[in-house]
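Inside the fold
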Amino acid sequence: MAETTVITFGTFDVLHVGHIRVLNRAAELGDRLVVGVSSDALNFSKKGRNPVFSQDERLELVSNLKSVDQVFVEESLELKRDYLTQYDADVLVMGDDWAGKFDFCSDLAKVVYLPRTPSISTTALIEHIRS
Ligand code: C2G
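Here goes a summary of the coordinates provided. This is a predicted model, so every value here is computed, not measured. (Residues numbered from 1 in each chain as written. Predicted model: local features only at pLDDT ≥ 70, side-chain atom pairs only at ≥ 80, totals over all residues. Heavy atoms only, no water.)

Quick word on the overall build of the protein chain
In terms of regular secondary structure, the protein chain is built from five helices and five strands. What you see in the protein chain, going N to C, is helices and strands ordered as β-α-β-α-α-β-α-β-β-α. Relative to the 2.2 N^0.38 estimate, which gives 14 Å for 131 residues, the radius of gyration of the protein chain is 14 Å and therefore close to what a compact globule would have. Counting only C-alpha atoms, the protein chain reaches 50 × 25 × 25 Å along its principal axes. Pairs at least 24 apart in sequence give 63% of the contacts found in the protein chain among residues at least 6 apart. With the model as given, the accessible surface of the protein chain reaches about 7300 Å², and the carbon-plus-sulfur share is 52%. Taking the average place of the 14 positive charges on the side chains of the protein chain and the average place of its 20 negative ones, the gap between the two points comes to 7 Å. (Helix = DSSP H or I, 4+ residues; strand = E, 2+ residues; numbered from the N terminus. Rg over C-alpha atoms; globule rule 2.2 N^0.38 Å. Contact = heavy atoms within 4.5 Å. Areas by Shrake-Rupley, 256 points an atom, 1.4 Å probe, with all protein chains shown as cover. Lys, Arg positive; Asp, Glu negative; His and termini not counted. Charge placed at Lys NZ, Arg CZ, Asp CG, Glu CD.)

Brief notes about the site of the ligand
Around the ligand, a shell composed of 22 residues is seen, among which Lys47, Glu74, Lys80, Asp97 and Ile120 lie nearest. Within the side chain of threonine 11, a nitrogen or oxygen atom sits 2.7 Å from an oxygen atom of the ligand. Within the side chain of tryptophan 98, a nitrogen or oxygen atom sits 2.9 Å from an oxygen atom of the ligand. Coverage of the ligand by the protein chains reaches 96% of its 650 Å² of free accessible surface. Contributing elements (two or more residues each) for the shell around the ligand: strand 1 (5–10), helix 1 (17–27), helix 2 (40–47) and strand 4 (91–95). (Near = heavy atom within 4 Å. Polar contact = N/O pair within 3.5 Å; in protein donor to acceptor, adjacent residues only side chain to side chain.)

Remarks on unusual backbone geometry
Despite not being glycine, valine 14 shows a phi value in the positive range, around 50°. One non-glycine residue, aspartate 88, adopts positive backbone phi at about 60°. When you line up the elements, aspartate 88 lands in the loop between helix 4 (80–86) and strand 4. Accessibility expressed as a relative area gives 56% for aspartate 88, which makes it exposed. (Buried < 20%, exposed > 50% of the residue type's maximum accessible area, 1.4 Å probe, protein only.)

What about a negative patch on the surface?
Residues Glu3, Asp31, Asp69, Asp88 and Asp90 make up a contiguous surface patch of negative charge. Relative to the assigned elements, aspartate 31 resides in the loop between helix 1 and strand 2 (32–38). (Patch = residues over 30% accessible without salt bridge, like charges linked within 9 Å, V, L, I, M, F, W, Y side chains within 5 Å. Salt bridge = Lys/Arg side-chain N within 4 Å of Asp/Glu carboxyl O.)

Here we look at the pattern of salt bridges
All told, the structure shown has five salt bridges when counted by the stated rule. A salt bridge links arginine 81 to aspartate 107; the nearest nitrogen and oxygen atoms lie 2.9 Å apart. With arginine 81 in helix 4 and aspartate 107 in the loop between strand 4 and strand 5 (110–114), the pair connects residues that are 26 residues apart, well separated along the chain. Given a relative accessible area of 31%, arginine 81 falls into the partly exposed group.

These values are about where atoms sit, not about what they do.
What follows is the structure, given as structure tokens:
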């Protein structure tokens, strides 16, 4: 049988246990996990601030995780369907803060939303370190 490719997307800034868990659970849904890491420009447009770690640092961190087989830079939210085709994705995984938002891809891949890890976020960590 052909291998199952899982794809997921995110900024993964100030890498934390919530990120690791969603990546590990995503990897369990297939044979190969591909991760689209948001570019600095995309992050700025989504969150109105620059990430703590640059795009190159975030790519280096994510690509060195055990569950991750391949990374690429996600330049635009509009390109989701192109990325799914380009990386031959069978399953698209996102945390459930994105629930419903990627259903428009369900003709290309199975779309799965996994529950977020409670009580941890990059924004809360930045606030905590600041205070
Ligand atoms: N996540 C999680 N639990 C947390 C925090 C994050 O499961 N406590 C998950 C998110 O649901 C997401 C992934 O970790 O699936 C990456 O989170 P972010 O870096 O915040 O990603 P985001 O900026 O939402 O980018 O095309 C989609 C976007 O690029 C997603």
